[in-house]
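Geometric and topological summary
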Amino acid sequence: MKRIKLETIVDHSVLIIGSLIMILPVAMLLQMASTPDIETMRNGPGLVFGDQIPANFEKAMFEASGFSGENTGLRMLYNSLILGLGFAIGKIVIGMMAAYAIVYFRLKFATLAFWIIFTTLLLPLEVRILPSYEIVQKLGMLNTYQGLIIPLIASATATFFFRQFFRSVPEELIEAARIDGAGPIKFFVDILVPLSRTMIAAMFIIMFVYGWNQYLWPTMITTDEGMFTLVRGIKQITQTLEGTNLPEYGKSNILQIIAILPPVLIVIFFQSWFVKGLTESDK
Amino acid sequence: MAQVTLNTLRKVYPNGFEAVKPASFTIEKGEFVVLVGPSGCGKSTMLRMIAGLEDITQGDLQIGDRIVNDVDPADRDIAMVFQNYALYPHMTVRKNIGYGLKNRKIAKDVIDQKVTDAANLLNLNDYLDRKPSQLSGGQRQRVAMGRAIVRDPSLFLFDEPLSNLDAKLRNQMRIEIKALQRRLGVTSVYVTHDQVEAMTMADRIIVMNGGEIEQIGTPAQVYHSPASTFVASFMGAPPMNLLDALVAENAAMIGGQTIAQFAGHGPVTLGIRPEDILPDPNGDFEINVTLIEELGAHRILHATWAGQTIMVSVAKDVTAETGTMHVAIKSDALSFFDAQTGRRL
Amino acid sequence: MKRAGFSIRWLPILLLLPQLSIILIFFYWPAAHAVRSSFFLQDPFGFGETFVGLKNYTSLLKSSAYLRSAQFTVIFTLMVTALSLSLALLLAVKADKVIKGAKTYRTFLMWVYAVAPPVAGVIGLVLFDQSWGPLKEFFGLFGWDFRLGVDYFDTAFAMVVISVWKQLPVNFIFFLSGLQSIPKSVREAALIDNRSASGRFWDVTFPLLAPTAFFLLIINITYALFDTFGIIDTVVKGEPSNNPMTLVYRVYVDGFRGNDLGGSSAQSVVLMVLVLALTVFQFRMVERRIHYT
């Protein structure tokens, strides 16, 4: 029995160390957000939590960081939500529609459509970032939500995911539905969508986090401070820390926390859906 | 070959569920023992404790002459056949069969010889270089058997090994396993929920229910003298008829008619096998046949007798019709159970 | 396609329309545009362009800065992939094994998935801060004068550390779910066949995890190449100067900041070819790999 015990201790130690490595860095941001800036400037992150969080939170949410006075934390939070929700919903709706068309219809050019769509899995936005920027510029969509969201949707991850799922739905289901007199729209709305609920939830979480955490694309597309998302605004916030007499560490760090909180909470609370979405979508 | 002794072996899960209540019995050298019972009765847990895959909460387990409670599964000198075969999907049949030997540092040519012998025995020669995914269900089953026999273990453990096969293959493999065990003479513990498997394969049957052992006995004992109403209804298809009867003045009665002499007083449960009720125009008892099930070799008559439903099994050449019918009863084939506890009286 | 699929014509076309039009406008058009631009030299003031053939590509190959980035990218990718895969595998194996607290550990080890890369970068800036960064202090104990943003090696080191930290959860989740999908009875059979725990791991568990590991290898390479942009941009504080940078970051710096459209497009095309090669390699491996049932 002793041998088993030693093994268990080793297992738990490894896991505890791993957990600490994942948690401590973020706890450090929180500690700095709770400490008066002057103390942080002198000593850096410490072990004792202060009482500055409410004050810093108010500064972060309502005081603008930039020059135009528009990018308060609240404004950026709003923009982040729009990007996260718009991206997730847009991607799921468009992806489900396309997947439905490919799987459930006798379509002559289905194979062609399939390849046109699935080639997009090959090239991430990052490699075609400049021409994409130019096109958005040509279309007059700089500093708009459409310009922010739609080009990000131009890949087929959700379509692929739903195609896989629809194909796993038993064949008998559509046969039964057709015998019961359901047309294509009824079948989709009454049967396929309710059946896909967990899949939709799983995909939503993955896509929301992905959209919320976008950095490069918003950095290029939004120059208007009123359009900044939290993640986009981070760079500007950290840059204001440089060269000032008393950098606002507290405000900056609480903004980092606010920037990660919504996706983190979603991932933690909807863990099983999230894991399902992740492990089943990427394959 | 080893004798296996369980001494008040008990399993309680961390959530407090007592999967196996203290159980004691001895399995003799070379004996084929079947643990049978409905799902959740603790039979698999018992087997897994013997295998070492499940910790023993209390009691001692002895295989051969050592207590093995804290011995690793790999060191218990056992081999196990799993329900879904548990073949290593990335290894060929040859490697699957030889893997356990390889880990025992046995010379390669010896392993090769043993694998070939096992393959011969199981008709697997042509499949040695295939992966499990390229085999049929029956072939996979044979590989699982092969993996067990090459090890020359002192104890075979089978965990519902046939339940994933179709009916025909199941019958065939049942005979093969039994024949193989006879030939090798290895002590075996076999878990199943199928009473036919238990009856046909076992030297001795252990019937379990709710974590408890209901009866230990030869198939004939379990069939003819069930220790409880549970065993009576679980073993045999169709099951034993269990009828409410009343004992008064040293006679057991149903519907006011005396069935047999029996000492005691008050209600009892009377058990009688369907084939022990004989159609007889001169019989003392009258039943009302409502439905006839044709099974070819014999027929099952569903009937009511004094308001209780019974089943009667008759040979194919007995004419039977729905409606009233006279029957006789083999009075020496009756079982009596306590009406409350269900225990045999 | 389903056997009993609907045969209406217009509906599927309507359903496909949004997806196809977005893809054509925002995927194929820019991709084609990038390929085309890579053969032209743009006038910096926007007064037209000249066809220069492969000149953009040849000057890339001659640019020592570009080659240096390429070299850094390769090393960076290898380091990030190897480290985050092996650490995640270790943690997943342990998390799969323990009974008490398994769920809590799982949450702790996966939540960083949701942390945006630039926030991870900011955390790096704090950890390695010149005046009081905890890790800088720690390395100082061993006489390592860590200078983030100044010393090339130190900066690269910090980028690797942060990128591994950020990628650990994804690998952990996949390895854990891979481990959990190994049938319990196969592991038990191994328990009977092999008394050594490490032997069981390398003979049975690891081969069964190989498909997951291979898939993750591709995911990690893609991550290190593309998704680390936010980390790198934050760590170098938007001022690349002499700091290490990945090829993707260079596309952005040269094209967006440096206004060298042709050169940047040529870089994009090189990356596209790289990704395509990677994908083709992946498909071929997937085809070849044994399908366990």
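Residues numbered from 1 in each chain as written. Chains lettered and ligands numbered in written order. Predicted model: local features only at pLDDT ≥ 70, side-chain atom pairs only at ≥ 80, totals over all residues. Heavy atoms only, no water.

Looking at an unreviewed UniProt entry, one finds chain C named sn-glycerol-3-phosphate transport system permease protein UgpA and attributed to Marivivens niveibacter. Under the UniProt heading Sequence similarities (unreviewed entry), the note attached to chain C is "Belongs to the binding-protein-dependent transport system permease family." Per UniProt, chain C has the following entry under Subunit (unreviewed entry): "The complex is composed of two ATP-binding proteins (UgpC), two transmembrane proteins (UgpA and UgpE) and a solute-binding protein (UgpB)." (UniProt positions renumbered as here; feature names shortened; annotations may be inferred.)

Under an unreviewed UniProt entry, the name given to chain B is sn-glycerol-3-phosphate ABC transporter ATP-binding protein UgpC, and the organism recorded is Marivivens niveibacter. Of chain B, the UniProt comment under Sequence similarities (unreviewed entry) reads exactly: "Belongs to the ABC transporter superfamily."

1. A closer look at the pattern of salt bridges
Counted under the stated rule, the structure contains 26 salt bridges over all chains. Note that C:Lys94 is salt-bridged to A:Asp11, the shortest N-O span being 3.0 Å. With C:Lys94 in helix α3 (residues 64-97) and A:Asp11 in helix α1 (residues 2-33), this residue pair bridges two chains. The pair C:Lys94 / A:Asp11 is uniform in exposure class, with both members buried. The network of salt bridges with shared partners includes A:Glu7, A:Asp11, C:Lys94 and C:Lys97. (Salt bridge = Lys/Arg side-chain N within 4 Å of Asp/Glu carboxyl O. Helix = DSSP H or I, 4+ residues; strand = E, 2+ residues; numbered from the N terminus. Buried < 20%, exposed > 50% of the residue type's maximum accessible area, 1.4 Å probe, protein only.)

2. Topic: the interface of chain C and chain B
Contacts between the two partners involve 21 residues from chain C, matched on the other side by 26 residues from chain B. Taken together, the two surfaces of chain C and chain B that pack against each other cover about 2000 Å², and 55% of this comes from carbon and sulfur. Interface area lost by chain C to chain B is led by C:Ile192, C:Asp193 and C:Arg195, which between them contribute 36%. Seen at the junction of chain C and chain B, the total is 3 salt bridges. Between B:Arg48 and C:Glu188 there is a salt bridge; the shortest N-O distance is 2.6 Å. Summed over the shared surface of chain C and chain B, the result is 13 residue pairs in polar contact (both at pLDDT 80 or more). Of all the secondary structure elements, the ones that give two or more residues to the side of chain C that touches chain B are α8 (184-193) and α9 (197-227) of chain C. At 9 residues, the largest contribution of residues to the side of chain C that touches chain B is made by α8(C). Taken together, the residues of the side of chain C that touches chain B sort by class into 10 nonpolar, 5 polar and 6 charged. (Contact = heavy atoms within 4.5 Å. Buried area = accessible area lost by both parts, 1.4 Å probe. Polar contact = N/O pair within 3.5 Å; in protein donor to acceptor, adjacent residues only side chain to side chain. Nonpolar A, V, L, I, M, F, W, Y, C, P; charged D, E, K, R; others polar.)

3. Some words on the pairing of strand β17 (residues 298-305) of chain B
Residue and element names in this part refer to chain B. Across 6 bridges, the pairing between strand β16 (residues 285-294) and β17 is antiparallel. Bridging across to β17, glutamate 293 finds its partner in isoleucine 300. Hairpin geometry of β17 and strand β18 (residues 308-315) is characterised by an intervening segment of 2 residues between the two adjacent antiparallel strands and by a positive phi of about 50° at alanine 306. (Pairing = 2+ DSSP bridges.)

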